[in-house]
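Next come the chains, spelled out residue by residue.
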Amino acid sequence: MTDVLKHPGVKDIPQTLPRVKGHYGEFLDACRGEGQTFSNFDLGGKLTEIGLSAIVAIRAGKSLDWNGEKMEAANAPEADRFVHTEYRKKWLI
C-alpha cells in the first residue's frame, strides 16, 4: 500500500470503477468467457486509432481532419502515404 492510500481522506472516496486482476488476468478471464476486459477491442481499437492518427499528424506537419471510416485525412492528402503503403509487386518465378 502506498502512502497516498494510507491518507485518512482517501477512505471517504467512493469506489466507482471495478477493480481488476491486472491486464493479463483480465484478458485470460475474457478468453474463458468470464466477463469482458475493461478496455475491450471496441474501445481499444478507437484509442489506438487516435494515437496513431496523432503520429500521422506529426509526420505530416499539420493538424488533421481525420475520417476514421475512410482511414484518411480530408485536409491532408499528403498524409495518406503514412497510412497506406503501396508495396512493390511480388517476384515471379
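Worth saying up front: this structure is predicted, and the values here are computed from it rather than measured.

1. Structural notes on the overall build of the protein
When you go through the protein residue by residue, the secondary structure sums to four helices and two strands. Starting at the N terminus and ending at the C terminus, the protein contains elements arranged as α-α-α-β-β-α. By the compact-globule yardstick of 12 Å for 93 residues, the protein is too spread out, its C-alpha radius of gyration being 21 Å. Along the first, second and third principal axes, the C-alpha set of the protein runs to 65 × 40 × 25 Å.

2. So, the confidence of the model for the protein
When the pLDDT values of the protein are averaged, the result is 85; 94% of them are 70 or greater. When pLDDT is averaged over each element of the protein, strand β2 (residues 72-73) comes out on top at 92 and helix α1 (residues 3-6) at the bottom at 70.

3. A closer look at helix α3 (residues 41-60)
With 20 residues, α3 extends 27 Å between its outermost C-alpha atoms, agreeing within 8% with the 28 Å of an ideal straight helix rising 1.5 Å per residue. For α3, the secondary structure elements touched by its buried residues are β1 (66-67) and α4 (80-83).

4. Focus on a nonpolar patch on the surface
Among the surface-exposed residues, Leu 17, Val 20 and Phe 38 lie close enough to one another that they form a single nonpolar patch of about 300 Å² accessible area. Within the element layout of this structure, Phe 38 appears in the loop between α2 (23-31) and α3.

5. Considerations on the environment of Glu 49
Of note, Glu 49 is situated in helix α3. Its relative accessible area of 26% is what places Glu 49 among the partly exposed residues. Along the primary structure Glu 49 and Asp 80 are separated by 31 residues, whereas in three dimensions their C-alpha atoms are 14 Å apart. When near neighbours in sequence (up to four residues on either side) are disregarded, Glu 49 contacts Trp 66, Gly 68 and Met 71. Polar contacts involving the side chain of Glu 49 include one to the side chain of Trp 66, which spans 2.8 Å.

6. Observations regarding unusual backbone geometry
In this model, Met 71 sits at a positive phi of 55°, which is unusual for a non-glycine residue. Of note, Met 71 is situated in the loop between β1 and β2.

Cut-offs and rules
Residues numbered from 1 in each chain as written. Predicted model: local features only at pLDDT ≥ 70, side-chain atom pairs only at ≥ 80, totals over all residues. Heavy atoms only, no water. Helix = DSSP H or I, 4+ residues; strand = E, 2+ residues; numbered from the N terminus. Rg over C-alpha atoms; globule rule 2.2 N^0.38 Å. pLDDT = per-residue confidence, 0-100. Expected span 1.5 Å × (residues − 1). Contact = heavy atoms within 4.5 Å. Patch = residues over 30% accessible without salt bridge, like charges linked within 9 Å, V, L, I, M, F, W, Y side chains within 5 Å. Areas by Shrake-Rupley, 256 points an atom, 1.4 Å probe, with all protein chains shown as cover. Salt bridge = Lys/Arg side-chain N within 4 Å of Asp/Glu carboxyl O. Buried < 20%, exposed > 50% of the residue type's maximum accessible area, 1.4 Å probe, protein only. Polar contact = N/O pair within 3.5 Å; in protein donor to acceptor, adjacent residues only side chain to side chain.

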